[in-house]
Structure formats: C-alpha cells, structure tokens
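Per-entry structural report
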Amino acid sequence: MSRINYHHLYYFWRVACAENLTQVAKDIHLSQSAISAQLKQFQHNLGVDLFERQGRKLVLTGEGRKVLDYANEIFAKGEELEQLIAQGFAPTGQHVSIGVLNNLSRNFVESFILPLLEDAETTFSLHTSTMPNLLNGLENYQYDVILTNHNVEVGLQEPMWRSELLSRQAIAVVSSSKPPRRRSFPDSYRNAHWVLPSKNSEVRSAFTVLCAKHQYHPSIKAETDDMAMLRLLARDSGAYSVLPEVVVRDEIAQGTLHVHQSLPDAFEHFYAVTLANRAIPENVQDLIEKVRAQR
C-alpha cells in the first residue's frame with residue numbers, strides 16, 4: 001500500500017508554508033486537533049519526523065524541508081492543471097508569468113518578452129511590484145521568473161534563489177542639449193544642474209563614485225526612484241542625468257535626448273531570478289538564453 005496519502009500531504013503543505021497550524025485550520029475549516037491527527041498519521045506512514053516543536057512553533061526538520069520541496073512541485077502542477085481545464089485544454093498553448101521590479105527599465109522588459117510577442121502559441125502576464133513581494137510570489141509559485149536590476153543574495157536557508165545575470169548596460173550622461181565635440185568630466189559640467197536616480201540605486205552609486213574621484217559636487221535639482229519619471233525629467237527639464245542607454249533608447253533615436261559621455265566602468269545589471277529547487281520552464285530558459293546571447 002502506498003505511504004503517500006495526498007490529503008495528508010496537502011495538510012502538511014499548508015501548515016509547512018504557513019508555519020501556523022491555527023491559521024491553516026481556520027482557512028480550510030477543520031479543527032486543529034483534526035489536522036494534528038492527520039499530520040501524525042502522515043509522519044507515521046512515512047516513517048520520518050517532518051516537524052519538531054520549538055516552543056509553540058512547528059519547525060520543519062531536514063526531512064520535512066525535502067518533503068516540502070516535492071509538495072511545492074506537486075501542488076504547483078495541480079494549479080497548472082486547473083488553469084488548463086479552465087482554458088479548455090488548449091493543445092499547445094503555454095503561459096508564462098513574469099514578475100518585474102517596479103522601477104526596472106521598460107525598454108529592457110520589452111526586449112526580454114519580445115520572443116513571446118512573436119510566439120502565437122504562448123501567452124504571458126507581467127506583474128510589477130517591490131522586491132520582497134516578488135520574491136514572496138516566486139516562492140509561492142505565482143511567477144515563473146522575476147526580472148530585477150538587483151542581484152539576490154543566496155542564503156543558507158530556504159528558499160534558495162537562482163539568480164542569473166542577463167545583461168549589463170552602460171551608464172551614460174544624457175541631456176536634451178546636443179553635446180560639444182569634446183567632453184571631459186568634471187570640467188564640462190561645472191555649472192550643470194542634475195536630475196538623478198535615488199541614492200539606493202546602482203546607477204546613482206556609480207555616479208557618486210565618479211564624483212568623489214574628481215571631487216565634484218553636483219547641483220541636484222531632483223531625484224527619483226521612478227525610471228519613467230526620470231526619462232521625462234531628463235527630456236524636459238534641460239538638466240543632465242545619468243541613465244543606462246537602454247532606458248532612453250527611444251529618446252536617443254528620436255533626438256530628444258543626447259548622450260554626452262559614458263561613465264567609465266559603470267553599468268546597470270539585469271537579472272533573472274528563479275527558484276533553485278524548481279526546474280526552469282523550457283520557454284523561460286529560452287528567453288534567458290536569447291537575452292544572454294546578446295551580451
């Protein structure tokens with residue numbers, strides 16, 4: 001007889017994800033004692049302890065974490081099956097769910113998803129949010145991949161992320177005025193006003209390092225963490241800005257913004273983040289490989 005009772009596995013999965021038996025009991029309309037009995041039976045059938053009690057909290061054992069990995073895969077596949085049924089069993093259609101950091105360059109995102117736009121058999125959804133929300137959604141299988149310009153630190157505790165460098169884009173000084181034949185930093189910008197990314201951004205840090213090296217103190221008119229707004233400010237204010245060229249690709253092509261110079265050895269990096277304990281869907285891997293091939 002099989003030792004896997006999938007009702008028991010489901011109760012285990014809910015409790016392991018929520019780390020709160022009381023809340024799970026309330027959510028699925030069962031008593032705590034009933035769920036506890038089911039979990040004890042499940043552990044007995046498997047012959048291993050999946051939880052250990054630390055005070056009033058249930059904590060996964062090493063074996064419990066391994067079982068959780070499989071449970072995540074099993075119930076993620078169940079959700080895919082429900083979506084397939086809801087869509088009427090489309091024979092070849094696929095769907096990709098992509099999480100996007102809310103201040104990421106829209107031009108870069110568009111270049112990433114371009115193959116999906118050209119694929120008649122694949123649909124996709126884009127969801128913008130903060131990094132903590134994106135990682136939480138990835139952990140809960142809401143996204144197949146998330147796009148960010150911040151590398152994700154891989155810690156010793158679960159969940160473990162897989163962070164892959166997709167691209168790096170040169171950072172440039174841009175403005176609406178046409179550049180002179182020669183530009184030197186900082187002499188060419190003594191009387192300049194600047195609109196800049198916020199201080200916690202990789203782009204701003206690169207500019208700050210350059211300024212410190214040359215003992216240059218920029219006159220800052222405005223700063224923002226919204227890349228779309230920074231594009232407008234750079235275009236319409238007459239001030240200088242520092243941006244990855246990909247962010248203002250269209251404005252440069254139209255002649256509304258001009259590149260004055262690139263910052264030496266300064267780049268913005270773009271990453272694709274997936275769950276390390278989950279196989280990357282083939283269509284997502286194809287997207288990653290196509291962008292990396294352009295580096």
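All of these numbers come straight from a predicted model, not from anything done at the bench. (Residues numbered from 1 in each chain as written. Predicted model: local features only at pLDDT ≥ 70, side-chain atom pairs only at ≥ 80, totals over all residues. Heavy atoms only, no water.)

1. Quick look at helix H10 (residues 282-292)
Helical geometry: 3.6 residues make up each α-helical turn, so side chains three or four residues apart lie on a common side. Going by this rule: Type-normalised accessible area, obtained with a 1.4 Å probe on protein chains alone, sets the label of each residue: buried when under 20%, exposed when over 50%, and partly exposed for intermediate values. Segments assigned H or I by DSSP are reported as helices when at least four residues long, segments assigned E as strands when at least two residues long, and all are numbered from the N terminus. Note that the arc is computed from the directions linking the helix axis to the C-beta atoms. Whether two residues touch is decided by their heavy atoms; if any such pair falls within 4.5 Å, the residues are in contact.
Among the residues of H10, those classed as buried are Asn 283, Val 284, Leu 287, Ile 288 and Val 291. Summarising the axial view, the buried residues of H10 lie within an arc of 145 degrees, below the 170-degree limit, and thus occupy one face. For H10, the elements touching its buried residues are strand S3 (94-101), helix H5 (106-117), strand S5 (145-148), strand S6 (161-175) and strand S10 (258-275).

2. Section: the side chain of Glu 164
So the rule is basically this: In protein, a polar contact requires one atom able to donate a hydrogen and another able to accept it; more generally it is a pair of N or O atoms within 3.5 Å, and residues adjacent in sequence count only if both atoms are side-chain atoms.
Its place among the elements puts Glu 164 in strand S6. Classification of Glu 164 by relative accessible area gives buried; the value is 15%. At 2.8 Å, the side chain of Glu 164 and the side chain of Arg 292 are in polar contact. Excluding anything up to four places from it in sequence, Glu 164 contacts Phe 270, Tyr 271, Ala 272, Ile 280, Ile 288 and Arg 292.

3. Side note on the sheet that holds strand S9 (residues 241-244)
Heads up, the condition is: When DSSP finds two or more bridges between two strands, those strands count as paired. Axis definition: a line fitted to C-alpha atoms, limited for helices to the stretch in contact. Angles are taken between N-to-C directions and run from 0 to 180 degrees.
Strand order in the open sheet formed by 6 strands is S4-S3-S5-S10-S6-S9, and the pairing between neighbours is mixed. The sheet is open, and its two edges are formed by strand S4 (122-129) and S9, each paired on a single side. When strand polarity is set aside, the average angle formed by the axes of neighbouring strands in this sheet is 25 degrees. Pairing of S3 with S4 involves 8 bridges; the strand directions are parallel. Residue pairing in the sheet places Val 100 in a bridge with Thr 128 of S4.

4. A short note on the pattern of salt bridges
Heads up, the condition is: Whenever Lys or Arg places a side-chain nitrogen within 4 Å of a carboxyl oxygen from Asp or Glu, that contact is recorded as a salt bridge.
Counted according to the given criterion, the structure contains 8 salt bridges. The residue Arg 292 makes a salt bridge to Glu 164 at a minimum N-O spacing of 2.8 Å. With Arg 292 in helix H10 and Glu 164 in strand S6, the pair connects residues that are 128 residues apart, well separated along the chain. According to the relative accessible area criterion, Arg 292 is partly exposed, its value standing at 31%. Of the charged contacts in the structure, one is a salt bridge between Asp 250 and Arg 249, with a shortest N-O distance of 3.9 Å. Here Asp 250 falls in the partly exposed class, since its relative accessible area comes to 34%. Among the ionic contacts, a cluster of salt bridges with common partners joins Glu 110, Arg 249 and Asp 250.

5. Details of the environment of Gly 64
Inspection of the secondary structure puts Gly 64 in helix H4 (residues 62-86). A relative accessible area of 0% means that Gly 64 is categorised as buried. As a C-alpha pair, Gly 64 and Gln 43 span 21 residues in sequence and 9.6 Å in three-dimensional space. Ignoring anything within four residues of it in the chain, the contact list for Gly 64 reads Phe 12, Asp 49 and Leu 50.

6. Looking at the packing of helix H1 (residues 6-18) against helix H2 (residues 21-28)
Let me state the cut-off plainly: Relative orientations are named as follows: roughly parallel for angles under 35 degrees, roughly antiparallel for angles over 145 degrees, roughly perpendicular for angles from 65 to 115 degrees, and oblique for any other angle. Each crossing gets its handedness from the near helix: less than a right angle anticlockwise from the far helix is left-handed, clockwise is right-handed.
Contact geometry of H1 with H2 gives a least axis separation of 8 Å together with a crossing angle of 130 degrees. By the criterion of interaxial angle, the relationship of H1 to H2 is oblique. Along this stretch, H1 crosses H2, giving a crossing that reads as right-handed. Facing H1, whose interface residues are Tyr 10, Tyr 11, Arg 14, Val 15 and Ala 18, H2 presents Val 24, Asp 27 and Ile 28.

7. Observations concerning the side chain of Arg 278
You can see Arg 278 is positioned in the loop between S10 and H10. Judged by relative accessible area, Arg 278 falls into the buried class, the value being 12%. Apart from the residues lying within four places of it in its own chain, the contact partners of Arg 278 are Glu 73, Ala 76, Glu 80, Tyr 141, Tyr 143, Asp 144 and Arg 162.

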